Amino acid sequence: MGGVDKAFLSLGGQPMIRHVLDRLHPQVETVVISANGDPSRFEGLGCTVVADDVPQGPLSGVLSALRHAGAAGASHLVSTPVDTPFLPLDLVARLADAATHAPEGLTYARTADGDHPATALWPVAITPALATYLAQGGAKVTTFAHAHHAARADFPDEAAFQNLNTPDDLAAAAARFGEAP
């Protein structure tokens, strides 16, 4: 997207992050945004912003958010990318149901087109294991998830987890809102 902050790209007349928040807020108690850089850009969204301790990719953000969640007394954290504006309205319920089949309670989304490990339910108890994995140079979400026997929650809508990474992706998403490309 040319280095633009995808969270603030306009989609359906509002920033993309607003779509994600609108879908998550009814499903969770609190939303925390994991982001590096100037946190003031998220002012007005009503969310706490946490930065990575050591930026190492998406799992660094998950680790920071898990630490924040644990300090706040939460037992679990749901993660999802900011560029997935069509998240299911039953996301958390399905992830939680699938987590009952995972020995450590870690689960992530799956559709017919594949796995979506960045959209996951993380037990706060897994925080030390994730910290160790990152400290040892690990970075892949799927490698960590498989090592911890993550379950997969099945979702029927393949577009629900589509990342909007290109102008063509954004145009296709805009068409879902009835916007002209």
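Residues numbered from 1 in each chain as written. Predicted model: local features only at pLDDT ≥ 70, side-chain atom pairs only at ≥ 80, totals over all residues. Heavy atoms only, no water.

Draft legend 1. Highlighting the sheet that holds strand E6 (residues 107–111). The strand order across the open sheet built from four strands is E5-E7-E6-E8, with neighbouring strands paired in mixed fashion. Both edges of this open sheet fall to strand E5 (76–79) and strand E8 (151–154), since each of them pairs with a single strand only. Taking the axes of each pair of neighbouring strands and ignoring which way they run, one obtains an average angle of 30° across the sheet. Judged from the four bridges that link them, E6 and E8 form a sheet pairing that is parallel. From the neighbouring strand, threonine 107 faces E8, where its bridge partner is alanine 151. (Pairing = 2+ DSSP bridges. Helix = DSSP H or I, 4+ residues; strand = E, 2+ residues; numbered from the N terminus. Axes fitted to C-alpha atoms, helices over the stretch in contact; angles between N-to-C directions.)

Draft legend 2. Spatial organisation of the packing of aromatic side chains. Per the stated rule, a full pass over the model turns up four aromatic pairs. Between phenylalanine 155 and phenylalanine 161, the ring centres sit 5.1 Å apart and the planes meet at 70°, which makes this aromatic pair edge-to-face. Grouping residues by exposure puts phenylalanine 155 and phenylalanine 161 together as buried. Of the aromatic side chains, those joined through ring pairs into one cluster are Trp122, Tyr133 and Phe144. Across the ring face of phenylalanine 86, the terminal group of arginine 176 is positioned such that the distance to the ring centre comes to 3.8 Å. (Phe/Tyr/Trp six-rings, centres within 6.5 Å; stacked < 30°, edge-to-face > 60°. Buried < 20%, exposed > 50% of the residue type's maximum accessible area, 1.4 Å probe, protein only. Lys NZ or Arg CZ within 6 Å of the ring centre and 35° of its normal.)

Draft legend 3. Highlighting the nonpolar core. Membership of the largest hydrophobic core comes to 24 residues, with the highest contact counts inside it found for Ile17, Ile33, Phe42, Leu45, Leu91, Phe155 and Phe161. Those elements that provide at least two residues to this core are helix H1 (16–24), helix H3 (91–99) and E8. Sequence-distant contacts of leucine 45, that is, excluding residues within four places in its chain, are made with Ile17, Arg18, Leu21 and Ile33. Counting residues in each nonpolar core, the second largest holds 21 residues, with Val50, Leu77, Tyr108 and Ala145 among its members. (Core = buried A, V, L, I, M, F, W, Y, C linked by side-chain atoms within 4.5 Å. Contact = heavy atoms within 4.5 Å.)

Draft legend 4. Fine view of the environment of valine 49. Structurally, the position occupied by valine 49 is in strand E4 (residues 48–50). For valine 49, a relative accessible area of 24% translates into the label partly exposed. For valine 49 and isoleucine 33, which are 16 residues apart along the polypeptide, the C-alpha to C-alpha distance reads 4.7 Å. Excluding anything up to four places from it in sequence, valine 49 contacts Ile33, Ala35, Pro39 and Phe42.

Draft legend 5. Expanded view of H1. Buried residues of H1: Met16, Ile17, His19, Val20, Leu21 and Leu24, and no others. Residues of H1 that are buried sit in contact with strand E1 (10–11), strand E2 (14–15), strand E3 (32–34), H3 and helix H6 (167–176).

Draft legend 6. Seen up close, the pairing of E6. Among the five residues of E6, four are classified as buried, and the element is accordingly described as predominantly covered. Inspection of the sheet shows E6 paired to strand E7 (residues 114–123) by five bridges, in the antiparallel sense. Bridge pairing links alanine 109 to histidine 116 in E7. In sequence, E6 turns back onto E7 through a hairpin of two residues.

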